Amino acid sequence: MIVLPGQPVSDNSDKIKHRESVYERSDKLISSTIGKLSKSEDSIRVESAHKNAQPLPEIDSEVLATVVRLNSKQATLQLDVIDGVPCTNNSQDSSFQAILRSQDVRQTDKDRVKMYNCVRPGDIVRASVISLGDAKNYYLSTAKNELGVVFATSEYGNPMIPISWESMKDIQTDTIEQRKCAKPTPL
Amino acid sequence: MNFDRRRINGPEATHELIYENSSHVKHLNERSTRKNDELRPVFIKPGLISSASGSTYIECGNTKIACAVYGPKQIKNAPYSSTGKLNVEIKHAPFSSSIRRDPVKELEATHLSSQVTQALLPSLRLENYEKMQIDLFVTIIQDDSLDFGLLANITTAAGTALASSGLEMNGLVVGATVAFKEDEMLLDPSPSEVKYAKAVMTVCTLPALTQIAHIWQAGTLDINQYKQALQITESASRNIHTLIAKTLMNETNA
């Protein structure tokens, strides 16, 4: 069943623990978006009908991001994919900007992190959002095995493959460069 | 011959335009053919502008308005805010009224856009859009209802566009206008009716929640007339709400 914003979807709100795109108003649950209603014992969801609804970064969202700039303390990234959904607003002025600070790159030996040996401009990084951050940036972290660089090119411009958690090898010239690699997750 | 070569010049020989007989359309819009509490025919179509996240085109009588929503996108170069921000920009097309509107110096539109913002804010759940901005662009293609009627039509169109973009909302927002003239309440007044009215009032409501979002009034009404005006606008808003709901349902199913 398709519901519209403002349409009541349930009378007793106490039992329902899991809610998505609904809000409470004088003990009733009301839909807050256009979408398909799915109900069960303790959950009510309204699945947005908008095909390319832009997901917003939330804490613990998994994102794919491209490194734009780098300095010794932090890397600046641009978000490309949020929770598996590509970002539609990829122009310079409207994209989501995020930073990865040196202390959030890995779990151990945090104070000896050299940003240049972990990510470089152009790399694509899998990361999780740790904070909605300040006015300008979201804050990312790669301090988990399955987070880190997923795609990078060497200084000669060839794609590289990971050979350990902190190094990658150029597939053509066999030169080795340092990166904080993501552990490949089985598909 | 003396002409400006940088302009697009018309052909040397011109003929007078021949218009199709439009008495039928006029017929529908005139008060003599509709009841005091009857709206002009409304046409509404969402999803006209493909690059926008949501858009609507609305026609009410001869008033034609296009409305586009962009975002939510991250606010840049502004201090941190824990709620989203709604930006409304309204433009009259230069050809929207019988006197040409200068696109550079437009003053009414800024006032109108602040009224529209007021009417839309109660319908949006901006607390869910931390650090985000939502841009709403409105173009008035033809103006046949003056500012009060425009506020109602823009609110209706904008509410539909916001809903069709998939934003979180409290409910659909709808506007309706009444003009008070010699003991008569005229719903959806034409420009001449507004001109000679004792009082005009636009009421923007969320019919699904029976909540009033915004009232804009000029002139004085006593308490009974006020009640009557609210009743008329409420029933009109319900009708428009039903129309929007149907349109959005069809759009979603298609």
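Quick caveat: nothing in here was measured; it's all calculated off a predicted structure. (Residues numbered from 1 in each chain as written. Chains lettered and ligands numbered in written order. Predicted model: local features only at pLDDT ≥ 70, side-chain atom pairs only at ≥ 80, totals over all residues. Heavy atoms only, no water.)

A.B. asks: I keep staring at the UniProt feature "domain: Exoribonuclease phosphorolytic" (unreviewed entry) in chain B and nothing clicks. Help me out?
C.D. replies: The feature "domain: Exoribonuclease phosphorolytic" (unreviewed entry), as given by UniProt, occupies residues 38-167 and 171-233 of chain B in the numbering adopted here. Span residues 171-233 of chain B is 25% helix and 44% strand, its end C-alpha atoms 17 Å apart. (UniProt positions renumbered as here; feature names shortened; annotations may be inferred. Helix = DSSP H or I, 4+ residues; strand = E, 2+ residues; numbered from the N terminus.)

A.B. asks: Teacher, can you tell me more about the domain arrangement of chain A here?
C.D. replies: When cut into domains, chain A gives domain 1 (2-48) and domain 2 (61-178). One C-alpha centre belongs to domain 1 of chain A, the other to domain 2 of chain A; they are set 37 Å apart. (Domains from an automatic or database assignment.)

A.B. asks: Just checking my understanding: could you explain the packing of helix 3 (residues 146-164) of chain B against helix 5 (residues 223-253) of chain B for this structure?
C.D. replies: Helix packing geometry: the angle between the two helix axes and the distance between the axes. Residue and element names in this part refer to chain B. Across the interface, helix 3 lies against helix 5 with an axial gap of 11 Å and an inter-helix angle of 30 degrees. Relative to helix 5, helix 3 is oriented roughly parallel. Of the two possible hands of crossing, helix 3 and helix 5 adopt the one that is right-handed. Between helix 3 and helix 5, the contacting residues are Thr156, Thr160, Ala163 and Ser164 on the first element and Ile240, Ile244 and Leu248 on the second. Residue composition of the contact of helix 3 with helix 5, by class: four nonpolar, three polar and no charged. (Axes fitted to C-alpha atoms, helices over the stretch in contact; angles between N-to-C directions. Parallel < 35°, antiparallel > 145°, perpendicular 65-115°, else oblique. Left-handed = near helix turned anticlockwise from the far one by under 90°. Contact = heavy atoms within 4.5 Å. Nonpolar A, V, L, I, M, F, W, Y, C, P; charged D, E, K, R; others polar.)

A.B. asks: Any chance you could explain the interface of chain A and chain B here in plain terms?
C.D. replies: Interfaces are frequently sized by the accessible area removed from exposure as the parts join. With 33 residues of chain A at the contact, the number on the chain B side is 34 residues. Approximately 2600 Å² of surface area, both sides summed, lies buried where chain A meets chain B, with 55% of it carried by carbon and sulfur atoms. Here chain A and chain B share twelve residue pairs in polar contact (both at pLDDT 80 or more) between them. Those elements that place two or more of their residues in the side of chain A that touches chain B are strand 4 (22-25) and strand 5 (28-31) of chain A. (Buried area = accessible area lost by both parts, 1.4 Å probe. Polar contact = N/O pair within 3.5 Å; in protein donor to acceptor, adjacent residues only side chain to side chain.)

A.B. asks: Help me out: how do you make sense of the side chain of Thr156 of chain B in this one?
C.D. replies: Residues and elements named next belong to chain B. Along the chain, Thr156 falls in helix 3. Residue classification places Thr156 among the buried positions, given a relative accessible area of 3%. Excluding its chain neighbours within four sequence positions, the residues that come into contact with Thr156 are Ile44, Ile58, Val173, Val174, Gly175, Ile240 and Ile244. (Buried < 20%, exposed > 50% of the residue type's maximum accessible area, 1.4 Å probe, protein only.)

A.B. asks: Help me understand the sheet that holds strand 16 (residues 167-170) of chain A, please; the structure alone is not making it clear to me.
C.D. replies: The pairing of strands in a sheet comes from backbone hydrogen bonds and takes either a parallel or an antiparallel form. All names here are of chain A. Taking strand neighbours across the sheet as the criterion, the three strands line up as 15-16-17 in an open arrangement whose pairing is antiparallel. Each edge of the open sheet carries a strand with a single partner, namely strand 15 (160-164) and strand 17 (176-178). Across this sheet, the average inter-strand angle for adjacent strands is 35 degrees, counted without regard to direction. Sheet topology note: the strand 15/strand 16 ladder contains four bridges and is antiparallel. Note on strand 16: the bridge partner recorded for Met160 is Asp170. (Pairing = 2+ DSSP bridges.)

A.B. asks: What is the right way to look at the nonpolar core in this model?
C.D. replies: Considering soluble globular proteins, one finds that nonpolar side chains tend to be buried as a cluster. Grouped together as the largest cluster of nonpolar side chains are 80 residues, with contacts concentrated most on Leu140 of chain A together with Ile154 of chain B. Top contributing element to this core by residue count: helix 3 of chain B, with nine residues. Formed jointly, this core draws a minimum of three residues from each of two domains, domain 1 (2-48) and domain 2 (61-178) of chain A. Every residue in contact with Leu140 of chain A, bar those within four places of it in the chain, is listed here: Val63, Ala65, Leu77, Leu79, Ala98, Ile99, Leu100, Asp104, Ala127, Ser128, Val129 and Ile130 of chain A. Of all hydrophobic cores here, the second largest spans twelve residues; its members include Val178, Met185, Leu187 and Ile232 of chain B. (Core = buried A, V, L, I, M, F, W, Y, C linked by side-chain atoms within 4.5 Å.)

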